[in-house]
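# Structural overview
What follows is each chain in one-letter form.
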Amino acid sequence: MSTRPPKAREGASPVGGATPAAAPLGVFDSGLGGLTVVREMRRLLPAERFVYVGDSGRAPYGPRSPEEIRSLSVGQSRFLLDRHGCRGLVIACNTATAAAAETVRAAVSPAPVVAMEPAVKPAAAATRTGTVGVLATVGTLSSARFAALLARHEDGGRVRFLTTSCPGWVEAVEEGRTSGPDAFALVERFVRPLLEQGADTLVLGCTHFPALRPVIADVAGRGVAVLDVGEAVARRASEVFTPLASEGNGGLLLYTTGDPALFACGARAILGLPETPPVRRLVWGPNGTLSED
Ligand code: DGL
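Residues numbered from 1 in each chain as written. Predicted model: local features only at pLDDT ≥ 70, side-chain atom pairs only at ≥ 80, totals over all residues. Heavy atoms only, no water.

## Some thoughts on the state of the cysteines
Stated formally: Two cysteine sulfurs form what is called a disulfide whenever their separation falls within 2.5 Å. With a 1.4 Å probe rolled over the protein chains alone, any residue whose accessible area is under 20% of its type maximum counts as buried; one over 50% counts as exposed, and the rest are partly exposed.
For the coordinates displayed, the defined rule picks out zero disulfides. Cys93 supplies the cysteine sulfur nearest to Cys86, a cysteine that is in no disulfide, at a spacing of 17 Å. Cysteine Cys93 shares no disulfide, and the gap to the nearest cysteine sulfur, in Cys206, comes to 6.8 Å. Overall, Cys93 belongs to the buried group, its relative accessible area being 3%.

See below:
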């Protein structure tokens, strides 16, 4: 299989039919979470055009095996390059980054790939108590990549990292349950123990979690910093993709393998859009490829 991204098919979509120089950026995640990164990228790169795939039909990725996440990540990447001629990718998913960043890079080379890294470094610099809580999926927390990240920032034992997976949070975001008493109780269940152990800094190590930020901040209270890397990843994308960033028209094309209506509601909320955006449905084929329904 060729590793070179073919040109976009002419007239394929609002962002298809582009010249290679103005080709869009592809972004993918297990579902809606990566849109918290897209939100920041659209602020920093307003002229950029994005094609987004959210694999809500298979979310959450967290409990899936690394092999399965690699296969799903490559499937999404190939769709973005082969169908839309994307000139580069942003893996807007910590879990996919942990399991599949190298595999994706190899699969789409020479297209550049920007991936995630939980905000452990700024958290280590910010903590005054020396205790940092890291909230992420089981897949991220159990990865060698994450273990190496923590080891790099323990600062000779000065910083203690408390980690917790947050079962139910990804599902809550996917289903639009991001406020109200139930969301508060769900967040409190995992955040309260971190606070009780002295954490003054919380790292949102899953791209879905910023969608719960108001509730997390409410539970955490003043004096606790809540960090994510959406803005940092947007800055990184603007460095990597700068030469072409002003050539597009700011379009956003959304795909999901889940329920398009539900996805559209979540996308509107996360992106702060005035109206519910159109969302196209994708289906997985038996050979690990994605196609439009
Ligand atoms: N949004 C993803 C992440 O950043 C994955 C969440 C999931 O599907 O488990 O890890």
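And the narrative resumes.
## Quick notes on the domain arrangement of the protein chain
Counted only if it meets this: Domain start and stop points were drawn from an automatic or database domain assignment. In what follows, a contact means two residues having at least one pair of non-hydrogen atoms within 4.5 Å. Accessible area that two parts lose when put together, with a 1.4 Å probe and added across both, is what the buried area reports. By definition here, a salt bridge exists when the distance from a side-chain nitrogen of Lys or Arg to a carboxyl oxygen of Asp or Glu is within 4 Å.
In terms of domain boundaries, the protein chain breaks down into domain 1 (15–116 + 231–292) and domain 2 (120–228). Once you take the C-alpha centre of each, domain 1 and domain 2 turn out to be 24 Å apart. At the junction of the two partners, domain 1 supplies 24 residues and domain 2 supplies 17 residues. A combined buried area of about 1,400 Å² lies between domain 1 and domain 2, and 56% of that area is made up of carbon and sulfur atoms. At the boundary of domain 1 and domain 2, one finds one salt bridge.

## A word on the environment of Leu81
In plain terms, the rule: Note on conventions: DSSP H or I runs of at least 4 residues are helices, E runs of at least 2 residues are strands, and numbering of each starts at the N terminus.
Following the sequence through the fold, Leu81 ends up in helix H2 (residues 66–84). Relative accessible area serves as the criterion here: at 0%, Leu81 is assigned to the buried category.

## Examining the site of the ligand
Heads up, the rule is: Here a residue is near a molecule or strand as soon as one of its heavy atoms is found within 4 Å of it. What qualifies as a polar contact is a pair of N or O atoms within 3.5 Å, subject to a donor-acceptor requirement within protein and to the restriction that residues adjacent in sequence count only when both atoms come from side chains. Calculation of accessible area relied on Shrake-Rupley with a 1.4 Å probe; when residues are assessed, cover is drawn exclusively from the protein chains displayed. Buried and open spaces are told apart on a 1 Å grid over the protein atoms alone, a cavity being a set of points where a 1.4 Å probe fits but cannot get out and a pocket being an open set with protein on both sides within 12 Å along at least five of seven lines. Residues with an atom within 4 Å of a point are the lining residues. A molecule is said to be in a cavity or pocket once over half of its atoms fall within 2 Å of that pocket's grid points.
As a structural note, the neighbourhood of the ligand is formed by 13 residues, with Ser30, Tyr61, Asn94, Thr95 and His208 the closest of them. A distance of 2.8 Å separates an oxygen atom of the ligand from a polar backbone atom of Thr207. Taking 300 Å² as the accessible area of the ligand by itself, protein coverage stands at 99%. According to the grid-proximity analysis, the pocket containing the ligand is the largest cavity. Each of domain 1 (15–116 + 231–292) and domain 2 (120–228) accounts for three or more of the residues forming the shell around the ligand.

## Looking at helix H10 (residues 230–240)
Counted only if it meets this: Our arc is simply the arc of the directions from the helix axis toward the C-beta atoms.
Every buried residue of H10 is listed here: Gly230, Val233, Ala234, Ala237 and Ser238. In an axial view of H10, the angular spread of the buried residues amounts to 145°, which keeps them on one side of the axis. For H10, the secondary structure elements touched by its buried residues are helix H1 (35–44), strand E3 (88–91) and strand E4 (113–114).

## Observations regarding empty space enclosed by the protein
The following threshold applies: Grid points are joined across faces, edges and corners, and a volume is the space filled by probe spheres set on the points. In this classification, Asp, Glu, Lys and Arg are treated as charged, Ala, Val, Leu, Ile, Met, Phe, Trp, Tyr, Cys and Pro as nonpolar, and every other residue, Gly included, as polar.
Counted by the stated rule, this structure contains two cavities of 30 Å³ or more. The computed volume of the largest cavity comes to approximately 60 Å³. Ser30, Thr95, Thr137, Cys206 and His208 are the residues nearest the centre of the largest cavity, which is lined by 14 residues in total. The residue makeup of the lining of the largest cavity, split by class, is five nonpolar, eight polar and one charged. Here the second largest cavity defines a volume of roughly 50 Å³. Tallied by class, residues from the lining of the second largest cavity come to six nonpolar, four polar and one charged. Residue-level mapping places the lining of the second largest cavity at the junction of two domains, with at least three residues from each of domain 1 (15–116 + 231–292) and domain 2 (120–228).

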